[in-house]
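Chain by chain, the residues:
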Amino acid sequence: MTTARTQRIAFGCIWAAAVLTLAVLALVVGLIMIRGLPSISWGFLSGSPENLGRDGGIFPTIVGTIVLGAVSLLIATPLGVGAAIYLTEYTHESLLTRAIRFGTESLAGVPSIIFGLFGFIFFVTYLQMGWSILAGGLTLALMVLPTIIRTTEEAIRTVPQSYRNVSYSLGATRWQMVTTAVLPSALPGIVTGVILAFGRAVSETAAVIFTAGTALNLPKSAFSPVRTMAVHFYILAVEGISLEKAYATGAVLIVTVLLINIIASSLITRLVRRQVRR
Amino acid sequence: MDSKIEFDHYTLAYGRDTVLNDITLSVARNAVLAVFGPAGSGKSGFLRSINRMAELEPNERHSGDIRMDGTSLFVPGVDLPALRRRAAMVFAQPVALPMSIYDNVSYGLRLSGKRERRQLDEAVERSLRAATLWDEVKDRLDSSGLNLSGGQQQRLSIARALALGPEVLLLDAPTAALDPISTGKIEDMLLDLKANYTIVIVPHSIQQAARVADAAAFFLNGSCVEYGPGNQLFVSPRDTRTEQYVTGRFG
């Protein structure tokens, strides 16, 4: 076989893989949108569910999704970014760092239902938080922690060593070096990781049902139970309450995640542009 | 001769690798010392010992002493950031931090807690002028330092070091990545700066060493083979190894 022919075949395969991936994505999103969009109205977005969700809207579940996602990120981001900074900037490779890294990798491989069970036993029952935003947020935080640690570590590792040397040589303490030379450069990567984590948190069902409950009313405090859109979708579909409303909920969930992605990535571009051009 | 920095039987090792071996040598005040030798001879280690950057290497060990103005760098409780502001360093690769030109130059001052705008403005202009970059960038101090050319970025690095108001400049092959014109600008600048600073430079060529140095030290495998004032090392080296290196027979 000639090299030109190999080249053509290889290109064809790669092209097909890319197109196929895009097609699957379009199919999934398209199907949900086609089935869901017709039932979406202002009343659906702003109203409360009636008859277990057969009628009415999904406003409390939108609030539940955003609040739960936000609480889990508020807990997981400082922890994860802190751990990543420790691993990359404050230690040399040692038994301890290997243990921490192995631990987080293992955590990433644990099925979400196990996190749900743990959250139920520890936060909900033992710490007596009950089914609540707090218990759900803590559980989801544990679940997305590995994502944030991993992406932050990667982002920090791409910062040129020369930035660190220059910073030290100009009289920076280690902490100043991290905050003024490393973190600003790593920020876009860190934000990407946090968005990934948000996507995982809001699309989770199993762990959430066990820890945040499935309540249909608006939450009043951090100790109120909530239902997220993903859980709502699951219950509507599995219990055969209303497939039509289930798809509509799914469509709103997809659009929400998409919106947050767009907002965050435009934020990143603006950040990067300020660093590079200005 | 009045000396600014004195190495006193100083030995440096990273893990099992000996970087510097029993160095005793002094650097005269307001003069340029060129430290030259083949790759791996310990020149950078020598430079990095003066601002104690060498300690950032894993498993760094040292013995002996280094004194600046008669005081040991290793007395307990030495303020490292303050030491690094006194002995400012410029690296071989030009590095503009991803921030504006103004922020790059004022970076070290801001690290030390100086925030007053007028003070920073003044330091930025003075340093950029001294680094002969002011005329090229004065109208775009707010634009990113990353947009400057390599030669400009290196002069930016020098301005950043000068802004600290240091007493000593440590230049680690500052023209290694530059074209001859930028190199010439930086060499001219060094001769001007000498009036106010003590300069230790790792030159990127022997010709450069001969052009800028008031004294020179030839390093080989971590030892200082020969050390002498003025052009003596280049014109009439005493050690045969120095002679061979200077005349290009090895290295």
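Let us look at the structure shown here. In this text, all values refer to a predicted model and were calculated from it rather than measured experimentally.

Before going further, it helps to examine the overall build of chain A. When you go through chain A residue by residue, the secondary structure sums to eleven helices and two strands. Of the regular secondary structure in chain A, the N- to C-terminal order runs α-α-β-β-α-α-α-α-α-α-α-α-α. Across its three principal directions, the C-alpha atoms of chain A cover 65 × 60 × 40 Å. Across the 278 residues of chain A, 42% fall into the buried class. Within chain A, residue pairs in contact and separated by at least 24 positions form 71% of the contacts whose partners lie at least 6 positions apart. If you average the places of the 19 positive and of the 10 negative side-chain charges in chain A, the two averages end up 11 Å apart.

A few words now on the packing of aromatic side chains. Applying the stated criterion across every chain, the model contains 14 aromatic pairs over all chains. Here the aromatic rings of phenylalanine 118 of chain A and phenylalanine 123 of chain A are separated by 5.9 Å at their centres, their planes lie at 85 degrees, and the arrangement is edge-to-face. Residue phenylalanine 118 of chain A is classed as partly exposed on the basis of its relative accessible area of 39%. By relative accessible area, phenylalanine 123 of chain A is classed as buried at 7%. Here phenylalanine 7 of chain B and tyrosine 10 of chain B contribute two aromatic rings whose centre-to-centre distance is 5.6 Å and whose plane-to-plane angle is 85 degrees, an arrangement assigned as edge-to-face. Residue classification places phenylalanine 7 of chain B among the buried residues on the basis of a relative accessible area of 2%. Three or more aromatic residues joined by ring pairs form one cluster here, namely Phe7, Tyr10, Phe46, Phe74 and Phe219 of chain B. Its guanidinium or amino end placed over the ring of tyrosine 90 of chain A, arginine 174 of chain A lies 5.3 Å from that ring's centre, counting from NZ or CZ. Its guanidinium or amino end placed over the ring of tyrosine 102 of chain B, arginine 117 of chain B lies 4.5 Å from that ring's centre, counting from NZ or CZ.

Residue and element names in this part refer to chain B. Strand order in the open sheet made by the four strands is β2-β1-β4-β5, with antiparallel pairing throughout. At either end of the open sheet lies a strand with only one pairing partner, and these are β2 (17-28) and β5 (71-72). Pairing between strand β1 (residues 3-14) and strand β4 (residues 60-68): eight bridges, direction antiparallel. Bridging across to β4, phenylalanine 7 finds its partner in isoleucine 66.

Another point: helix α6 (residues 150-162) of chain B. The α-helix advances 3.6 residues per turn, and as a result positions three or four apart in sequence lie on the same side. Residues and elements named next belong to chain B. A rise of 1.5 Å per residue sets the reference length of α6, with its 13 residues, at 18 Å; its end C-alpha atoms lie 18 Å apart and thus fit the reference within 8%. With twelve of 13 residues buried, α6 lies mostly within the body of the structure. Taken residue by residue, α6 has Gly151, Gln152, Gln153, Gln154, Arg155, Leu156, Ser157, Ile158, Ala159, Arg160, Ala161 and Leu162 as its buried positions.

All names here are of chain B. Here we have six strands laid out as an open sheet, ordered β6-β7-β8-β3-β9-β10, and mixed in their pairing. Single-partner strands in this sheet number two, and they are β6 (87-90) and β10 (223-229). For this sheet the average axis-to-axis angle between neighbouring strands, irrespective of direction, equals 15 degrees. With three bridges joining them, strand β3 (residues 32-36) and strand β8 (residues 198-202) adopt parallel strand pairing. Across the sheet, residue valine 32 finds its bridge partner in β8, namely isoleucine 199. Contacting β3, β6, β7 (168-172), β8 and β9 (215-220), helix α1 (residues 43-50) runs over the sheet at an angle of about 155 degrees to β7.

Positive phi is not limited to glycine here, since asparagine 51 of chain A has a value of about 50 degrees. You can see asparagine 51 of chain A is positioned in the loop between β1 (49-50) and β2 (55-56). Positive phi outside glycine occurs at threonine 132 of chain B, with the angle close to 55 degrees.

Turning our eyes to something else, we now look at the pairing of β9 of chain B. Residues and elements named next belong to chain B. Within β9, six of the six residues are buried, leaving the element largely enclosed by the surrounding structure. Here β9 shows a buried face lined by Ala215, Ala217 and Phe219 and a second buried face lined by Ala216, Phe218 and Leu220. In this structure, β9 lies alongside β10, joined through six bridges in antiparallel fashion. Its bridge partner being in β10, phenylalanine 218 is matched across the sheet by glutamate 226. Connecting β9 to the antiparallel partner β10 that follows it, the hairpin turn spans two residues, and asparagine 221 within it adopts a positive phi of roughly 50 degrees.

Residues and elements named next belong to chain B. Running from N to C, helix α3 (residues 101-111) and helix α4 (residues 117-130) point in directions that differ by 115 degrees, and their axes come no closer than 9 Å. Classified by the angle between their axes, α3 and α4 sit roughly perpendicular to one another. Relative to α4, α3 is oriented so that their crossing is right-handed. Residues Ile101, Tyr102, Val105, Ser106, Leu109 and Arg110 of α3 form the contact with α4, whose own contacting residues are Arg117, Leu120, Asp121, Ala123, Val124, Ser127 and Leu128. Here the contact of α3 with α4 is composed, by residue class, of eight nonpolar, two polar and three charged.

Turning next to the environment of serine 39 of chain A. Residue and element names in this part refer to chain A. Within the secondary structure, serine 39 is located in the loop between α1 (3-36) and α2 (42-46). The class of serine 39 is buried, set by a relative accessible area of 13%. Taking the C-alpha atoms as reference points, serine 39 and tyrosine 247, 208 residues apart in sequence, are found 8.5 Å from one another. In this view, serine 39 contacts Phe44, Glu244 and Ala248; residues no more than four positions away in its chain are not counted.

Definitions and limits used
Residues numbered from 1 in each chain as written. Chains lettered and ligands numbered in written order. Predicted model: local features only at pLDDT ≥ 70, side-chain atom pairs only at ≥ 80, totals over all residues. Heavy atoms only, no water. Helix = DSSP H or I, 4+ residues; strand = E, 2+ residues; numbered from the N terminus. Buried < 20%, exposed > 50% of the residue type's maximum accessible area, 1.4 Å probe, protein only. Contact = heavy atoms within 4.5 Å. Lys, Arg positive; Asp, Glu negative; His and termini not counted. Charge placed at Lys NZ, Arg CZ, Asp CG, Glu CD. Phe/Tyr/Trp six-rings, centres within 6.5 Å; stacked < 30°, edge-to-face > 60°. Lys NZ or Arg CZ within 6 Å of the ring centre and 35° of its normal. Pairing = 2+ DSSP bridges. Expected span 1.5 Å × (residues − 1). Axes fitted to C-alpha atoms, helices over the stretch in contact; angles between N-to-C directions. Parallel < 35°, antiparallel > 145°, perpendicular 65-115°, else oblique. Left-handed = near helix turned anticlockwise from the far one by under 90°. Nonpolar A, V, L, I, M, F, W, Y, C, P; charged D, E, K, R; others polar.

Geometry only, nothing functional implied.
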